[in-house]
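# Structural description and commentary
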Amino acid sequence: MARYWNAEIETMDIEALKKLQGERLRATIERVYNNVPYYAERMKKAGLTPDDIRGIEDLKKLPFTYKEDLRNNYPFGTFAVPMDQVVRVHASSGTTGKMTVVGYTQKDIDTWTECMARSLTNVGVTNEDVVHVAYGYGLFTGGLGLHYGAEKVGAVVVPVSGGNTKRQVQLLQDFKATVLCCTPSYALYIADEMAEMGVKKEDLSLRIGIFGAEPWSDEMRRQIEEKLGIKAYDIYGLSEIIGPGVSMDCEHQKGLHIQADHFIPEIIDPETEEVLPEGSTGELVFTCISKEALPLIRYRTRDLSILDWQKCSCGRTSPRMLRVTGRSDDMLIIRGVNVFPSQVESVLLKYAEVEPHYMIVVDRKDNLDIMEIQIEVTNGLFSDEIRKLEALERTIRDDIESTLGIHAKVRLVEHKTIQRSEGKAKRVIDKRQLYK
Ligand code: DLL
């Protein structure tokens, strides 16, 4: 039997949920119109007043919010409450420009904690668990988000933060952690380190992993589950909306349940900005309907996913989003073909000889884009015959070509050549951007 943290909300009749969303949306619009000059201006420009928003059916009338808007109002210009009501800030740095700063009132922290407690309960975390939090603590929302949620469900929290991987392994062993929280790439790094230290999965007490903050594939899920002897669950979130816990897998691993009484999801076409019907792949857009300090309206996440409103076998009625397959701005265009790093990953991880560590290097020669995929092979493979390695390179190259429709150079590299990450992994080096 599935366990719920908040059964009333999580199994709520869908029509009642939509009504609740509508009421909260109306109240939020009223508040931002009156308190955030930036939103009032946007709405006036679109010819809207709060009276035009009566329920969720009017959501699509509202203008979108972009990351750029937060940067332009750096640091606190989009906050909807005076600073004496703000109790916490977090920030995330993108690849370019200023940090994106987000704020929380005490009620926002409580909402976030509730979302995290529900998420952890989705996958069976209880007060019997020892939760090892290896997400970074600090301006990044990962560490503290998981921390508050795990404390709320009554688990023992081990706030290790990232880094010092040998010590992580030691602590996992000594404190008998049952739940590991970190990025999926760091989970693999920990598994590597264990192998090097001679620690076997049976030496640990882990049963669950809660992995997110970066895209990963089902193939990677299988590898992590195998290497660590656990069930690996996907958790999604972004600082602008609240942090981790916007959505999370349940035990069925069939999509991530969105906390839709707090965040209304939409899927849009990233080019035309049109709302797409259920089941279409597109960009996720969220509207915060209970936040006080930073209630973003129709925030363009750039994350690509699919929404599913069917009731899940776990009994939850909340809409689910399928695993994020990439970002609309992570898409590489190589000789006119759209390529997502996740598609490359799905091909690579089919091969047992290959490790889940790779780097896509894109360059331009004689006005032609070229893509090289550097892939680590399993330990010891390099001592094999060169012919075998060449054959593997060819097989992967052909597979990439037939799956993605583009030619890529495949270069197998020795174990531990590709730099490991303790947080979000870097998978692409696009040298073309250097020439712009
Ligand atoms: O990464 C929050 C988080 C922390 C989520 C810990 C899960 C676990 P930001 O640093 O603001 O917040 O980055 C948000 O990371 O827009 C996605 O592109 C990506 N992302 C987050 N979770 C997932 C996931 C945190 N499960 C950005 N799958 C988002 C794919 C993810 N991408």
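Refer to the structure above for everything that follows.
Below is a summary of the structure that appears in this document. (Residues numbered from 1 in each chain as written. Predicted model: local features only at pLDDT ≥ 70, side-chain atom pairs only at ≥ 80, totals over all residues. Heavy atoms only, no water.)

### Some remarks on the pairing of strand β3 (residues 130-133)
Inclusion rule: Any residue under 20% of the maximum accessible area for its type is buried, any over 50% is exposed, and the rest in between are partly exposed; the area is computed with a 1.4 Å probe on protein chains only. Where helices and strands are cited, they refer to DSSP runs of H or I of at least four residues and of E of at least two residues respectively, numbered from the N terminus. Between any two strands, at least two bridges found by DSSP are needed for them to pair.
Where burial is concerned, the two faces of β3 agree: the one with Val130 and His132 and the one with Val131 and Val133 are both buried. Bridge analysis of β3 against strand β4 (residues 156-158) gives three bridges, and the strand direction is parallel. By the bridge assignment for β4, histidine 132 is matched with valine 158. Alignment of β3 against strand β5 (residues 179-182), held across three bridges, turns out to be parallel. Looking across to β5, one finds that histidine 132 is bridged to leucine 180.

### A few points about the site of the ligand
The condition is simple: If a single non-hydrogen atom of a residue is within 4 Å of a molecule or strand, that residue counts as near it. Any pair of nitrogen or oxygen atoms within 3.5 Å is treated as a polar contact; in protein, a donor-acceptor pairing is required on top of that, and neighbouring residues in sequence qualify only through side-chain atoms on both sides. All accessibility values rest on the Shrake-Rupley procedure with a 1.4 Å probe; residue burial counts only the protein chains present in the view.
Surrounding the ligand, one finds 21 residues, the nearest of these being Asp234, Ile235, Ser239, Asp303 and Lys424. Separating a nitrogen atom of the ligand from a backbone N or O atom of alanine 213 is a distance of 3.0 Å. At 2.4 Å from an oxygen atom of the ligand is found a side-chain nitrogen or oxygen belonging to serine 239. For the ligand, the accessible surface in isolation is 610 Å², of which the surrounding protein chains cover 93%.

### Let's talk about the pattern of salt bridges
Heads up, the rule is: Throughout this description, the term salt bridge denotes a Lys or Arg side-chain nitrogen within 4 Å of a carboxyl oxygen of Asp or Glu.
Going through the model one piece at a time under the given rule, you end up with 35 salt bridges. Glutamate 23 is the salt-bridge partner of lysine 19, the closest N and O atoms lying 3.5 Å from each other. Residue lysine 19 and its partner glutamate 23 are both found in helix α2 (residues 14-35); the two are separated by four residues, about one turn of the helix. Given the relative accessible area of 56%, lysine 19 is considered exposed. A salt bridge links arginine 221 to aspartate 249; its shortest N-O distance comes to 2.9 Å.

### Structural notes on the sheet that holds strand β20 (residues 428-430)
Put simply, the rule reads: To obtain each axis, a line is fitted to C-alpha atoms, and for helices this fit is confined to the stretch in contact; angles are then taken between N-to-C directions over 0 to 180 degrees. Contact criterion: two residues are considered in contact whenever any of their non-hydrogen atoms come within 4.5 Å of each other.
One open sheet accounts for four strands, arranged β19-β18-β17-β20; its pairing is mixed. Every other strand in the sheet has two partners, leaving β19 (409-413) and β20 as the edge strands with one partner each. In this sheet, adjacent strand axes meet at a mean angle of 20° when their direction is disregarded. Bridge count for strand β17 (residues 354-365) against β20 is three bridges, and the pairing is parallel. Bridged to valine 361 within β20 is isoleucine 429. Set on the sheet, helix α11 (residues 386-404) makes contact with β17, β18 (368-377) and β19; between it and β19 the angle comes to about 140°.

### Regarding the packing of aromatic side chains
Defined as follows: Aromatic pairing here means that ring centres of Phe, Tyr or Trp (its six-membered ring) are within 6.5 Å. Orientation follows from the plane angle: under 30 degrees is stacked, over 60 is edge-to-face, and everything else is tilted. Only when the NZ of Lys or the CZ of Arg is both within 6 Å of the ring centre and within 35 degrees of the ring normal is a charge said to sit over the ring.
The tally for this structure, following the rule as stated, stands at six aromatic pairs. With a centroid separation of 5.5 Å and an interplanar angle of 85°, the aromatic rings of tyrosine 186 and tyrosine 189 are classed as edge-to-face. A residue pair is termed a helical-turn pair when its members lie 3 or 4 positions apart in one helix, as tyrosine 186 and tyrosine 189 do in helix α8 (residues 184-197) at three residues. Classification of tyrosine 186 by relative accessible area gives buried; the value is 0%. A relative accessible area of 17% means that tyrosine 189 is categorised as buried. We note arginine 88 situated over the ring of tyrosine 148; from NZ or CZ to the ring centre the distance is 5.0 Å. For arginine 221, the ring lying beneath its charged end belongs to tryptophan 216, and the centroid distance is 5.6 Å.

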